[in-house]
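# Commentary on secondary and tertiary structure
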Amino acid sequence: MTRFIDVPALSRLVQDVGVTTFMAELADTLRSDFARWGEFDKAPRVASHSDVGVIELMPVADSRRYAFKYVNGHPSNTARGMYTVMAFGVLADVATGYPELLCELTLTTALRTAATSAMAAKALARPDSRVMALIGNGAQSEFQALAFHSQLGIEEIRLFDVDPRATDKLMRNLSAFPGLRLIRCESMAEAVRGADIVTTVTADKALATIITPEMIEPGMHINGVGGDCPGKTELHADVLRAGKIFVEFEPQTRIEGDIQQLPADHPVTELWQVLTGAAAGRESAQQVTVFDSVGFALEDFSALSYVHKLALARKIGEDVALVPPAEDDPKDLFRLTRGGRTQLRRVA
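To keep things clear, this report deals only with the structure shown in the data block. What you see is a predicted model, and the numbers here were worked out from it, not measured in a lab.

### Re the overall build of the protein chain
Check the secondary structure of the protein chain and you find 10 helices and 18 strands. Each principal axis of the C-alpha distribution contributes one length, and for the protein chain these read about 70 × 45 × 40 Å. Considering the protein chain as a whole, with its 348 residues, one finds that 52% of them fall into the buried category. Long-range contacts, defined here as pairs at least 24 residues apart, represent 71% of the contacts in the protein chain between residues at least 6 apart. Distance between charge centres in the protein chain, computed from 36 positive and 45 negative side chains, equals 5 Å.

### Brief notes about the sheet that holds strand E10 (residues 181-184)
With parallel pairing, 8 strands are arranged side by side in an open sheet as E10-E9-E8-E11-E13-E17-E15-E16. Each end of this open sheet is capped by a strand with a single partner; those strands are E10 and strand E16 (269-270). Pairing of strand E11 (residues 197-200) with strand E13 (residues 221-224) involves 4 bridges; the strand directions are parallel. Looking at E13, one finds that Val-198 is bridged to Ile-222.

### Brief notes about the pattern of salt bridges
Overall, the coordinates contain 24 salt bridges when judged by the stated rule. Put simply, Asp-16 and Arg-12 hold a salt bridge, and the shortest N to O gap is 3.9 Å. Of the two residues, Asp-16 and Arg-12 are both situated in helix H1 (residues 7-17); the distance of 4 residues between them amounts to about one turn of the helix. Looking at Arg-12, the relative accessible area reads 44%, which means it is partly exposed. Here Glu-56 makes a salt bridge to Arg-45, at a shortest N to O gap of 3.5 Å. Taken together, the positions of Glu-56 in strand E4 (residues 54-61) and Arg-45 in the loop between strand E2 (41-42) and strand E3 (46-49) put the pair 11 residues apart, joining distant regions of the chain. Through salt bridges that share partners, Asp-33, Arg-36, Glu-39 and Asp-62 make up one connected network.

### Thoughts on the nonpolar core
Ranked by internal contacts, the top residues of the largest apolar core, which has 67 residues, are Ile-5, Phe-22 and Ile-157. Other than its neighbours up to four places away in sequence, Phe-22 contacts Val-14, Val-17, Leu-111, Tyr-306, Val-307 and Leu-310. Grouped together as the second largest cluster of nonpolar side chains are 26 residues, Ile-135, Phe-160, Ile-216 and Ala-237 included.

### Some remarks on the pairing of strand E1 (residues 2-5)
Judged from the 3 bridges that link them, E1 and strand E18 (residues 318-320) form a sheet pairing that is antiparallel. Paired with Thr-2 across the bridge in E18 is Val-320. Here E1 pairs with strand E7 (residues 99-104) via 3 bridges, running parallel. Bridge pairing in E7 places Ile-5 opposite Cys-103.

### As for the packing of aromatic side chains
All chains considered together, the criterion is met by 8 aromatic pairs. Summarising the aromatic geometry, the rings of Trp-37 and Trp-272 are spaced 6.1 Å apart at their centres and angled 10 degrees between planes, so their arrangement reads as stacked. Placement of the pair is Trp-37 in the loop between helix H2 (19-34) and E2 and Trp-272 in helix H9 (residues 271-275), with a sequence separation of 235 residues. Measuring from ring centre to ring centre gives 5.1 Å for Tyr-70 and Phe-88, while their planes differ by 20 degrees; the resulting arrangement is stacked.

### A short note on helix H3 (residues 106-124)
Because each turn of an α-helix spans 3.6 residues, side chains separated by three or four positions end up pointing in the same direction. For H3, built from 19 residues, the straight-helix expectation of 27 Å at 1.5 Å per residue is met to within 8% by its first-to-last C-alpha distance of 27 Å. Across the 19 residues that make up H3, a large majority, 15, are buried.

### Focus: the pairing of E7
Among the 6 residues in E7, 5 count as buried, and that is most of the element. Examined bridge by bridge, strand E6 (residues 87-93) and E7 share 5 bridges and lie antiparallel to one another. Bridged to Val-90 within E7 is Leu-102. Hairpin remark: E6 followed by E7, antiparallel, with 5 residues in the connecting loop; positive phi at Gly-97, about 80 degrees.

Cut-offs applied
- Residues numbered from 1 in each chain as written.
- Predicted model: local features only at pLDDT ≥ 70, side-chain atom pairs only at ≥ 80, totals over all residues.
- Heavy atoms only, no water.
- Helix = DSSP H or I, 4+ residues; strand = E, 2+ residues; numbered from the N terminus.
- Buried < 20%, exposed > 50% of the residue type's maximum accessible area, 1.4 Å probe, protein only.
- Contact = heavy atoms within 4.5 Å.
- Lys, Arg positive; Asp, Glu negative; His and termini not counted.
- Charge placed at Lys NZ, Arg CZ, Asp CG, Glu CD.
- Pairing = 2+ DSSP bridges.
- Salt bridge = Lys/Arg side-chain N within 4 Å of Asp/Glu carboxyl O.
- Core = buried A, V, L, I, M, F, W, Y, C linked by side-chain atoms within 4.5 Å.
- Phe/Tyr/Trp six-rings, centres within 6.5 Å; stacked < 30°, edge-to-face > 60°.
- Expected span 1.5 Å × (residues − 1).

These values are about where atoms sit, not about what they do.
Structure representation (structure tokens):
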């Protein structure tokens, strides 16, 4: 049987563990997997683009497990009362191909994206960073705020969104965290001014330049999260040229990241190299660092592995017959077309 984790089950897992603990433990899993980067069979995601969005498949595998995620990005969905990003995924056994886990990944993606951002910032931002600008206050924003608050000690977050209702929502959701000071700003420039870290999580599928060179100050760390497909950017090209750039998987980020604006030979460093000590991260307190994050399948592999382990330990989710049971004769699939012989059970 295959363990099935739907949205209510994942929500229960997060509530049982606690959202900040969940992201911290997930960040530990991410670091462990990034540290064995060379063990994974990696490829850029397969994308199907339309005028209104994108639908993607994201595969990755090591010698034991294979994972994939189905995910979309449709910025106009919110006007229809739907999420911009929705996802689900599978974790399978490489030796048999058997699916071990079928899991929602909409909420999980938000959690793993924030955990990845915090993991990268720990390696790249100044250790004394205490103030962050958060540009874009939509579905991902609370997760980013809490990950940076709990894992990096960010005390003050300056908020800006073109939709003031999004900022209202964020401030309402984070009111339960009194140690985090939230400041509503009237412009991006106001939010960014004096910030140690700038996180951008905007959703429009457009060649945008919401962060421009005059906003950049020495020592800033830019956490660019919203640019994640061809034709979608957040950072002015001169912002990228002013800093040292770090990416997840270079072949994918060249196509989808903010660096799609730069020549193909512009130097970048893959994050795993910094995490393992194979390459330098930040080289001075005055240096500007940029994490051009587009989301990579290995992060979903880590998230699925973590959720699977957690779900089994806490007995959350249910087992479903996603694959027919072989019973006595694995060559007899036709038997499932006859009644009375095989009963497929769903086990809680």
